[in-house]
Amino acid sequence: MTSEISRRAFLGGSAGPVEDAAMRPPGADPKTFLTLCHDCDACHAVCPERVIAVDADSRPRLDLTSGVCTFCGACAEACPTGALQADRITDWPWRARIEDSCLSLKGVSCRSCQDACEENAIRFRLQTGGRAEPVLDTGRCTGCGACSTVCPVRAIGYARHVETPQRALA
């Protein structure tokens, strides 16, 4: 048996597993989650923070608008299929992203996200005219959701963060 992909499979879109773009619970591998998850609802049922919701396809997703994920691992421990793995929880790839609707960017004094962030990943840089620009340190951000739960205008979203290797200087 060969591991090569046929031209028909490649052009037909079945060249391999589809990478999941949704924010799944910690411990999910985006390349295997959709195949392994059987919609059993076990992770949703055991989440002490109640931040695991169910999407339109009955799959678990993280909803950080309602609470903070503590990365406790209860969801991975409860997963009977291996779709969530406890050893992958520390590899959480999601980081906060501050949107243009941020009140501080509009000249309104608001620093609720900075106050809520225990990791001190959000700072504000003073600008002329009394504005303050939010600056996010993705190296400190854990993607826990503390900042988004307190934002009065929901100006904090999330994006998958990929570490880029540093090039050595010659």
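Residues numbered from 1 in each chain as written. Predicted model: local features only at pLDDT ≥ 70, side-chain atom pairs only at ≥ 80, totals over all residues. Heavy atoms only, no water.

**Student:** Looking at this model, I keep getting lost on the overall build of the chain. Mind explaining?
**Tutor:** The number of helices and strands found in the chain is six helices and six strands. When each of the 170 residues of the chain is scored for burial, the buried share is 33%. Taking the contacts inside the chain whose residues are at least 6 apart along the sequence as the reference set, 60% of them involve residues at least 24 apart. (Helix = DSSP H or I, 4+ residues; strand = E, 2+ residues; numbered from the N terminus. Buried < 20%, exposed > 50% of the residue type's maximum accessible area, 1.4 Å probe, protein only. Contact = heavy atoms within 4.5 Å.)

**Student:** What exactly am I supposed to notice about the nonpolar core here?
**Tutor:** Burial of nonpolar side chains together is a common tendency in soluble globular proteins. Grouped together as the largest cluster of nonpolar side chains are 30 residues, with contacts concentrated most on Met23, Leu62, Leu64, Leu84, Cys147 and Tyr158. Of all the secondary structure elements, the ones that give two or more residues to this core are α4 (74-78), β3 (94-98), β4 (122-126) and β6 (156-160). Ignoring sequence-local partners within four residues, the contact set of Leu64 consists of Met23, Val51, Cys69, Gly143, Cys144, Gly145, Ser148, Thr149 and Tyr158. (Core = buried A, V, L, I, M, F, W, Y, C linked by side-chain atoms within 4.5 Å.)

**Student:** When you look at unusual backbone geometry in this model, what are you seeing that I'm missing?
**Tutor:** Peptide bonds are trans in most cases, and residues, glycine excluded, mostly fall at negative phi. Of note in the backbone geometry, Phe71 takes a positive phi value of approximately 55° without being a glycine. When you line up the elements, Phe71 lands in the loop between β2 (60-62) and α4.

**Student:** Please clarify how the pairing of strand β5 (residues 132-136) should be interpreted in this entry.
**Tutor:** Side-chain positions along a regular strand alternate between the two faces of the sheet. Bridging between β4 and β5 involves five bridges; their strand directions are antiparallel. Paired with Phe124 across the strands is Pro134, a residue of β5. Connecting β4 to the antiparallel partner β5 that follows it, the hairpin turn spans five residues, and Gly129 within it adopts a positive phi of roughly 85°. (Pairing = 2+ DSSP bridges.)

**Student:** Looking at this model, I keep getting lost on the side chain of Arg24. Mind explaining?
**Tutor:** Mapped onto the secondary structure, Arg24 falls in the loop between α1 (7-11) and α2 (33-36). Its relative accessible area of 7% is what places Arg24 among the buried residues. Within the structure, Arg24 has its side chain in polar contact with the side chain of Asp55 (distance 2.9 Å). Only 2.8 Å separates the side chain of Arg24 from the backbone oxygen of Pro60, close enough to count as a polar contact. Not counting residues within four places of it along the chain, the set of residues in contact with Arg24 comprises Phe33, Leu34, Asp55, Arg59, Pro60, Arg61, Leu62 and Trp92. (Polar contact = N/O pair within 3.5 Å; in protein donor to acceptor, adjacent residues only side chain to side chain.)

**Student:** Is there a simple way to think about the environment of Gln127 in this case?
**Tutor:** The residue Gln127 is located in the loop between β4 and β5 in this model. For the pair Gln127 and Gly107, spaced 20 residues apart in sequence, the C-alpha separation works out to 9.8 Å. Apart from residues lying up to four places away in sequence, Gln127 is in contact with Ala132 and Glu133. A polar side-chain atom of Gln127 sits 3.3 Å from a polar atom in the side chain of Glu133.

Note that every value here comes from positions in space, so none of it alone points to a role or purpose.
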